[in-house]
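Architecture and fold: a report
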Amino acid sequence: MAGVNQNIQNFYRTAADRDFSRDFLFRVTELNIAGVPPMTEGQLIYAKTANLPGRVIGNVAVPYMGLNINVPGGVTYPGSEGYSITFYLDADSNLRTYFEAASRSLFDDQTSTGGYGTPDEEYYITLAQLDKGLNPISNYKLVGASLRSVNDIGYSIAAGTGQTVEVVATFAYHYYINQPVAQ
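Source: prediction; values computed, not measured.

What follows deals with the nonpolar core. Ranked by internal contacts, the top residues of the largest apolar core, which has 31 residues, are Leu31, Ile33, Phe87, Ile125 and Phe171. Contributing elements (two or more residues each) for this core: strand E1 (26-32), strand E5 (83-88), helix H3 (94-106), strand E6 (124-130), strand E7 (136-143) and strand E9 (166-172). Tallying contributions element by element places H3 first for this core, with five residues. With sequence-adjacent residues up to four places away left out, Phe87 is seen in contact with Leu31, Met39, Gln43, Tyr46, Ala47, Lys48, Leu95, Phe99, Val165, Glu166, Val167 and Ala169.

So, on to the environment of Tyr124. One can find Tyr124 in strand E6. If we skip the residues at most four places from it in the chain, Tyr124 touches Glu30, Leu31, Asn32, Lys141, Leu142, Val143 and Ala145. Within polar-contact distance, the side chain of Tyr124 engages the side chain of Glu30 at 3.5 Å.

Let us look at the layout of surface pockets. Gaps left between atoms show up when a probe the size of a water molecule is rolled over them. Put simply, the largest pocket is a space of about 340 Å³. Surrounding the largest pocket, 13 residues form its lining, Phe26, Arg27, Val28, Leu44 and Ala47 being those nearest its centre. Going through the elements one at a time, E1, helix H2 (41-44) and strand E2 (47-49) are the ones with two or more residues in the lining of the largest pocket. Of the residues in the lining of the largest pocket, the class split is seven nonpolar, two polar and four charged.

To continue, consider the sheet that holds E7. Spatially, E1-E6-E7-E10 is the arrangement adopted by the four strands of the open sheet, whose pairing is antiparallel. At either end of the open sheet lies a strand with only one pairing partner, and these are E1 and strand E10 (175-180). In this sheet, adjacent strand axes meet at a mean angle of 20° when their direction is disregarded. As paired strands, E1 and E6 are joined by six bridges and run antiparallel to one another. When the bridges of E6 are listed, Asn32 appears paired with Tyr124.

On a regular strand, one side chain projects to one face of the sheet and the next to the other, so that they alternate. Pairing between E2 and E5: two bridges, direction antiparallel. Along E5, the bridge assignment pairs Ala47 with Phe87. Direction of pairing for E5 relative to E9: antiparallel, over a ladder of six bridges. Residue Thr86 lies in a different strand from E9, and its bridge partner there is Val168.

A few words on the sheet that holds strand E8 (residues 146-150). Taken together, four strands build an open sheet; the order of strands is E2-E5-E9-E8 and the sheet is antiparallel. Lying at the two open borders of the sheet, with one neighbouring strand each, are E2 and E8. Each strand of the sheet is rotated relative to its neighbour by a mean of 40°, with strand direction disregarded. Of the strands in this sheet, E5, E8 and E9 touch H3, which is tilted by about 120° from E8.

Turning our eyes to something else, we now look at a nonpolar patch on the surface. A cluster of nonpolar side chains, contributed by Val60, Val62, Tyr64, Met65, Leu67, Ile69 and Val71, occupies part of the molecular surface with about 690 Å² of accessible area. Elements represented by at least two residues in the nonpolar patch include exactly strand E3 (56-64) and strand E4 (67-76). With respect to the helices and strands, the residue Val71 is situated in strand E4.

On to the pattern of salt bridges. Under the definition given, this model contains five salt bridges. In this structure, Lys132 engages Asp19 in a salt bridge whose closest nitrogen and oxygen atoms are separated by 2.3 Å. Here Lys132 is found in the loop between E6 and E7, whereas its partner Asp19 is found in the loop between helix H1 (8-18) and E1, with 113 residues between them in sequence. Residue classification places Asp19 among the partly exposed residues on the basis of a relative accessible area of 30%. Residue Glu100 is joined to Arg96 by a salt bridge in which the shortest nitrogen-to-oxygen separation is 2.8 Å. With Glu100 and Arg96 both in helix H3, this residue pair falls four residues apart, about one helical turn. Shared partners join several salt bridges into a network, and the residues in it are Asp19, Arg22 and Lys132.

What counts and what doesn't
Along every chain, residues carry numbers that run from 1 in the direction the sequence is written. Only residues with pLDDT of at least 70 are given local features in this predicted model, and only at 80 or more are side-chain atom pairs given and counted; all residues enter the totals for whole chains, interfaces and linings. Side-chain figures throughout are based on the complete set of non-hydrogen atoms in the structure, without hydrogens or water. Here, the term nonpolar core denotes a set of buried Ala, Val, Leu, Ile, Met, Phe, Trp, Tyr and Cys residues that are joined through side-chain atoms within 4.5 Å. Between buried and exposed lies partly exposed: a residue is buried under 20% and exposed over 50% of the maximum accessible area for its type, with that area taken using a 1.4 Å probe on protein chains only. Every helix listed is a DSSP run of H or I at least four residues long, and every strand listed is a run of E at least two residues long, numbered separately from the N terminus. In this analysis, two residues are considered to be in contact whenever any of their non-hydrogen atoms come within 4.5 Å of each other. Counting of polar contacts relies on pairs of N or O atoms within 3.5 Å, with two restrictions inside protein: one atom must be capable of donating a hydrogen and the other of accepting it, and residues adjacent in sequence are counted only when both atoms are side-chain atoms. A pocket here means an open set of points on a 1 Å grid, computed over the protein atoms alone, that has protein on both sides within 12 Å along at least five of seven lines. A cavity is instead a set of points where a 1.4 Å probe fits but cannot get out; residues with an atom within 4 Å of a point line either one. Grid points are joined across faces, edges and corners, and a volume is the space filled by probe spheres set on the points. Just so you know the grouping, Ala, Val, Leu, Ile, Met, Phe, Trp, Tyr, Cys and Pro go in nonpolar, Asp, Glu, Lys and Arg go in charged, and all remaining residues, Gly too, go in polar. Strands were regarded as paired on the criterion that DSSP finds at least two bridges between them. Orientation is described by axes fitted as lines to C-alpha atoms, over the contacting stretch for helices, and by angles from 0 to 180 degrees between their N-to-C directions. Here the term patch refers to residues with relative accessible area over 30% and no salt bridge, with like charges joined within 9 Å and nonpolar side chains (Val, Leu, Ile, Met, Phe, Trp, Tyr) within 5 Å. Here, Shrake-Rupley sampling with a 1.4 Å probe gives the accessible areas, and only protein chains in the shown set may cover a residue. Here, a salt bridge means any Lys or Arg side-chain nitrogen found within 4 Å of an Asp or Glu carboxyl oxygen.

Just geometry here; none of it tells us what the structure is for.
Shown next as structure tokens:
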């Protein structure tokens, strides 16, 4: 058996050749949810933080003579019921108003009506992983996206320092598709 060749020099050589992904090379590029027009580039530029979602293949244990044989089962998307994006809040609070309109279109407590049907592939969020030139290297489309919550916004009136505030919107989606970009 050959020895393991994972040493500092090989790590350095590989890192220099392939480099690393950085925590700012990620963007929300499209947001199209039920009840409101798709977000514009001017709104999406305010996206501050988001996560690339995960995907899990479930395990099915098949017992045989006291031993479990593990076979792959169905897929789940952890956190798909509560996918949050944090936005800087613009001075006119247009983003908050946008998300409130989406929320009320899903369920309006004034009329007890709304468009709370199952969202289809027409509604989605697209996320892009970027290279250092800000070119997409991979696009993830979260299919069936709909708003779940608009978080409260904290203001610090007495001790405020002029710090920017943010608004967090939480969505649900059914699944995602990885759409690699041709290099």
